[in-house]
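Residues per chain, in single letters:
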Amino acid sequence: MLMTRPSLGASGMDREEEYRRLVGDFAAWCHTNHLQLNTSKTKELVIDFGRSRPRPRPVLLEGAEVEAVDSYKYLGLWLDNKLDWTTHTSHLYGKTQSRMYFLRRLRSFNICSKLLRMFYQSVVASVLFYTVISPM
C-alpha cells in the first residue's frame, strides 16, 4: 500500500492532523471489514514541489511506524517525491539494456531476422511501452 501525504502549506498543522485522522479511519475501516494491513509492506511517499523541508513525524499504523520513501514502484511505474521521470527512466533504461544484451547474443548466433523481431516485440518493446497510454 502506498500512502501520500499532502504537502504542508499555510495551515500545515491542520492538514497534517487531517491526514493522520484519515489514515486512522482507513485502518479502522480495514479492521471493521476484516482486512489485514501489512505494515511492513506499507510505504509513505511525501510529494512536495516546494523547497526541501524537514521530514514530518512518521505515521503510525496499527502501532507500527510507516516507512517514508523518496521513490516507490507502483504497477511498474516508478514514482518519486517530485513526480520527476528521472527515477523511472533510469530503471527502464537498465531493464531495457539487460534485455537488449540477449537480443545481441541471439543475433550473434545468426538467428533469422523474423525471430529477432519477434523477440524484440515480446521481450524488449513490451517493457518500453508498458506505461505508455495511447489516445483513443
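Quick caveat, the model's predicted, so the values are computed rather than measured.

Conventions adopted
- Per-chain numbering applies: the sequence of each chain, read as written, is numbered from 1 onward.
- The model is predicted, so local features are restricted to residues of pLDDT at least 70 and side-chain atom pairs to those at 80 or more, both for listing and for counting; the totals for chains, interfaces and linings are taken over all residues.
- Values reported for side chains reflect all heavy atoms of the structure, with hydrogen atoms and water molecules removed beforehand.
- Between the rings of Phe, Tyr and Trp (Trp by its six-membered ring), a pair exists once the centres lie within 6.5 Å; its type follows the angle of the planes, with under 30 degrees stacked, over 60 edge-to-face, and the other angles tilted.
- Secondary structure elements follow DSSP: runs of H or I no shorter than four residues count as helices, runs of E no shorter than two count as strands, and numbering proceeds from the N terminus.
- Partly exposed residues are those whose accessible area sits between 20% and 50% of the maximum for their type, while under 20% is buried and over 50% is exposed, using a 1.4 Å probe and protein chains only.
- Two strands qualify as a pair provided DSSP detects at least 2 bridges between them.
- What we call a nonpolar core is a set of buried Ala, Val, Leu, Ile, Met, Phe, Trp, Tyr and Cys residues that are connected through their side-chain atoms within 4.5 Å.
- Contact criterion: two residues are considered in contact whenever any of their non-hydrogen atoms come within 4.5 Å of each other.
- What counts as a salt bridge is simple: a side-chain nitrogen of Lys or Arg found within 4 Å of a carboxyl oxygen of Asp or Glu.

Caption draft 1: Representation of the packing of aromatic side chains within the structure. Considering all chains together, one arrives at two aromatic pairs under this definition. Ring centres of Phe26 and Trp29 lie 6.4 Å apart, and the angle between their planes is 20 degrees; on these two criteria the pair is classed as stacked. Separated by three residues within a single helix, Phe26 and Trp29 lie in helix H1 (residues 12–32), roughly one turn from each other. Looking at Phe26, the relative accessible area reads 33%, which means it is partly exposed. According to the relative accessible area criterion, Trp29 is partly exposed, its value standing at 47%.

Caption draft 2: Representation of the pairing of strand E6 (residues 71–74) in the model. In this structure, E6 lies alongside strand E7 (residues 77–80), joined through four bridges in antiparallel fashion. Looking across to E7, one finds that Ser71 is bridged to Asp80. Between E6 and the antiparallel strand that follows it, E7, lie two residues; Leu75 among them carries a positive phi value of about 55 degrees.

Caption draft 3: Geometry of the nonpolar core. Counting residues in hydrophobic clusters, the biggest one holds eight residues: Tyr19, Val23, Ala27, Cys30, Leu37, Val59, Leu61 and Val66. Ranked by residues supplied to this core, first place goes to H1 with four residues. Discounting chain neighbours no more than four positions away, the residues touching Cys30 are Leu35 and Leu37.

Caption draft 4: Quick peek at the pattern of salt bridges. Counting across every chain of the model gives four salt bridges. Here Arg57 ties to Glu17 by a salt bridge, and the two come within 3.6 Å at their closest N and O atoms. You can see Arg57 sitting in the loop between strand E2 (43–46) and strand E3 (60–61) and its partner Glu17 sitting in helix H1, a full 40 residues away along the chain. On the basis of relative accessible area, Glu17 is assigned to the partly exposed category, the value being 41%. Here Lys43 ties to Glu67 by a salt bridge, and the two come within 2.9 Å at their closest N and O atoms. Of this pair, Lys43 sits in strand E2 while Glu67 sits in strand E5 (residues 67–69), and the two are 24 residues apart along the sequence. Judged by relative accessible area, which is 18%, Lys43 ranks as buried.

Caption draft 5: Quick peek at unusual backbone geometry. Within the chain, Leu75 stands out as a residue other than glycine whose phi angle is a positive 55 degrees. For Leu75, the location among the structural elements is in the loop between E6 and E7. Its identity as a non-glycine residue notwithstanding, Asn110 has a phi of 60 degrees, on the positive side. Structurally, the position occupied by Asn110 is in the loop between helix H2 (86–108) and helix H3 (113–128).

The values are spatial; any link to function lies outside them.
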